[in-house]
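Here's the letter readout for the chains.
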Amino acid sequence: MLLFVLLPLIAVVWVSFFSNKIISFPPQGYSLDWYANGWRLDSFRDGFLLSVKVSLMATVVGMALGVPAALALVRGRFPGKAFVTQLLMSPMMIPGVVAGSALYVYFIQFEMATEVQLAATLPGLVAAHAVLTIPWTMRLVTASLIAIGGQVEEAAMNLGATPWTTLRRVTLPMARPGLVAAGLFSFIVSFTDLEKSIFLIGPGETTLPIAILNYLEWNLDPTVSAVATVQILIIGIALVVSDRYVKLSRAF
């Protein structure tokens with residue numbers, strides 16, 4: 001079963017080393033030229049850089065909003081807690097195409113009402129990606145907070161620490177593995193997003209997933225496999241590091 005799941009990824013990596021100008025089997029030989037070609041193409045290079053930029057910004061926004069939300073929902077007691085939890089986690093339950101089209105319509109309606117453009121702008125794209133990163137941040141930080149419990153925090157406050165001191169010197173250091181995992185996983189989710197980006201990207205710009213899709217429309221050489229292999233490598237490293245801090249099985 002594991003081999004069946006990994007076989008498509010193995011095939012993509014294998015094809016990226018073919019020397020054939022058109023993907024075909026068996027390969028005529030092996031080469032690394034397609035990796036260099038992927039970096040030479042403006043669409044892939046610019047798409048990669050924009051994807052990294054948007055993902056980093058969306059991760060920061062998601063962490064800034066998701067971490068306090070997770071703390072409030074795990075440690076706090078207030079009416080409507082279950083409703084707030086479901087509301088903040090709801091972006092994970094909505095299909096990507098539906099969410100992307102809904103955000104596009106919302107941004108257009110917002111622009112008509114306020115004359116502030118969000119669609120086809122970098123802030124709008126980051127905001128859309130932050131909608132993805134917030135629930136994942138909450139999920140991983142919540143798992144970490146539940147695992148460490150609240151006894152140490154109670155002991156710190158019983159010894160005279162203020163709530164702010166307890167948060168800064170006890171809670172956040174103990175939850176550091178969850179914070180690191182949340183940041184890495186949020187970056188992955190944003191970096192690989194296609195559905196929201198394709199609705200909200202600005203003219204003349206592209207993210208890496210969109211660049212791959214556009215290239216496949218007119219080309220059949222292994223360049224796209226080389227680009228996808230680099231993407232797989234980045235995602236794989238981030239997942240391994242994330243799992244080292246917080247076992248991802250707890251969050252799913």
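Where an unreviewed UniProt entry is consulted, the protein chain appears under the name Inner membrane ABC transporter permease protein YdcV, with the organism given as Paracidovorax wautersii.

(A) Broad picture of the overall build of the protein chain. Within the protein chain, the secondary structure is distributed over 12 helices and zero strands. Put simply, the protein chain runs from its N terminus to its C terminus through helices and strands in the order α-α-α-α-α-α-α-α-α-α-α-α. Considering only C-alpha atoms, the protein chain reaches an extent of 70 × 50 × 30 Å along its principal axes. Looking at the protein chain as a whole, 40% of its 252 residues qualify as buried. Considering only contacts in the protein chain between residues 6 or more positions apart, those separated by 24 or more positions represent 69%. Looking at the protein chain as shown, the accessible area adds up to about 14200 Å², and 70% of this sits on carbon and sulfur atoms. Separation of charge centres in the protein chain, based on 15 positive and 13 negative side chains, amounts to 16 Å.

(B) Focus on the pattern of salt bridges. For the structure on display, the rule yields two salt bridges. Of the charged contacts in the structure, one is a salt bridge between Arg 45 and Asp 42, with a shortest N-O distance of 2.4 Å. One end of the pair is Arg 45 and the other is Asp 42, both in helix H3 (residues 42-75) and three residues apart, which spans about a single turn. Residue class for Arg 45 comes out partly exposed when judged on its relative accessible area of 23%.

(C) Spotlight on the UniProt feature "transmembrane region" (unreviewed entry) in the protein chain. UniProt records the feature "transmembrane region" (unreviewed entry) at residues 48-74, 86-107, 127-149, 170-191 and 223-242, using the numbering of this structure. Here residues 223-242 runs as 100% helix and 0% strand, with 29 Å between its end C-alpha atoms.

(D) Just the UniProt feature "domain: ABC transmembrane type-1" (unreviewed entry) in the protein chain, in detail. The UniProt feature table records "domain: ABC transmembrane type-1" (unreviewed entry) at residues 48-242. Counted over residues 48-242, helix gives 80% and strand 0%. Its end C-alpha atoms are 22 Å apart.

(E) Geometry of the side chain of Asp 221. Tracing the sequence through the fold places Asp 221 in the loop between helix H11 (208-218) and helix H12 (223-245). Of note is the side chain of Asp 221, whose polar atom sits 2.6 Å from the side chain of Tyr 215. Of the polar contacts made by the side chain of Asp 221, one reaches the side chain of Thr 223; its length is 2.7 Å. Ignoring any residue separated from it by four or fewer positions in sequence, one finds Asp 221 in contact with Lys 21, Ile 23, Trp 34 and Tyr 215.

(F) Spotlight on unusual backbone geometry. A positive phi angle, close to 65 degrees, is found at Glu 115, a residue other than glycine. Among the structural elements, Glu 115 can be located in the loop between helix H5 (96-114) and helix H6 (122-148). Residue Glu 115 is classed as exposed on the basis of its relative accessible area of 74%. With a phi angle near 65 degrees, Ala 120 is a residue other than glycine that sits in the positive phi range. With respect to the secondary-structure elements, Ala 120 resides in the loop between H5 and H6.

(G) Molecular detail of the packing of aromatic side chains. Under the defined criterion, the tally for this structure stands at 10 aromatic pairs. Between Trp 39 and Phe 48, the ring centres sit 6.4 Å apart and the planes meet at 70 degrees, which makes this aromatic pair edge-to-face. Trp 39 sits in the partly exposed class, given a relative accessible area of 48%. On the basis of relative accessible area, Phe 48 is assigned to the partly exposed category, the value being 23%.

(H) Representation of the nonpolar core within the structure. Among the nonpolar cores identified, the biggest contains 17 residues, and Val 67, Val 141, Leu 145 and Phe 185 are the most heavily contacted of them. Those elements giving two or more residues to this core turn out to be H3, H6, helix H9 (176-191) and H12. Among residues more than four places away in sequence, those in contact with Leu 145 are Ala 70, Leu 71, Val 74, Arg 75, Thr 171 and Ala 175. The next biggest cluster of nonpolar side chains, apart from the first, holds 12 residues, and it includes Val 54, Leu 103, Phe 107 and Ile 201.

(I) Just the confidence of the model for the protein chain, in detail. In this model, the protein chain carries an average pLDDT of 87, and 97% of its residues clear a pLDDT of 70 or more. When mean pLDDT is taken per element in the protein chain, H3 scores highest with 92 and H12 scores lowest with 83.

(J) A look at the packing of H3 against helix H4 (residues 81-89). Contact geometry for H3 and H4: axes closest at 10 Å, N-to-C directions at 150 degrees. As judged from the angle between their axes, H3 and H4 are roughly antiparallel. As for the relative orientation of H3 and H4, their crossing is left-handed in sense. Residues Ala 69, Leu 73 and Val 74 of H3 lie in contact with H4, whose contacting residues are Lys 81, Val 84, Thr 85 and Leu 88. Here the residues of the contact of H3 with H4 sort into five nonpolar, one polar and one charged.

Calculation rules
Residues numbered from 1 in each chain as written. Predicted model: local features only at pLDDT ≥ 70, side-chain atom pairs only at ≥ 80, totals over all residues. Heavy atoms only, no water. Helix = DSSP H or I, 4+ residues; strand = E, 2+ residues; numbered from the N terminus. Buried < 20%, exposed > 50% of the residue type's maximum accessible area, 1.4 Å probe, protein only. Contact = heavy atoms within 4.5 Å. Areas by Shrake-Rupley, 256 points an atom, 1.4 Å probe, with all protein chains shown as cover. Lys, Arg positive; Asp, Glu negative; His and termini not counted. Charge placed at Lys NZ, Arg CZ, Asp CG, Glu CD. Salt bridge = Lys/Arg side-chain N within 4 Å of Asp/Glu carboxyl O. UniProt positions renumbered as here; feature names shortened; annotations may be inferred. Polar contact = N/O pair within 3.5 Å; in protein donor to acceptor, adjacent residues only side chain to side chain. Phe/Tyr/Trp six-rings, centres within 6.5 Å; stacked < 30°, edge-to-face > 60°. Core = buried A, V, L, I, M, F, W, Y, C linked by side-chain atoms within 4.5 Å. pLDDT = per-residue confidence, 0-100. Axes fitted to C-alpha atoms, helices over the stretch in contact; angles between N-to-C directions. Parallel < 35°, antiparallel > 145°, perpendicular 65-115°, else oblique. Left-handed = near helix turned anticlockwise from the far one by under 90°. Nonpolar A, V, L, I, M, F, W, Y, C, P; charged D, E, K, R; others polar.

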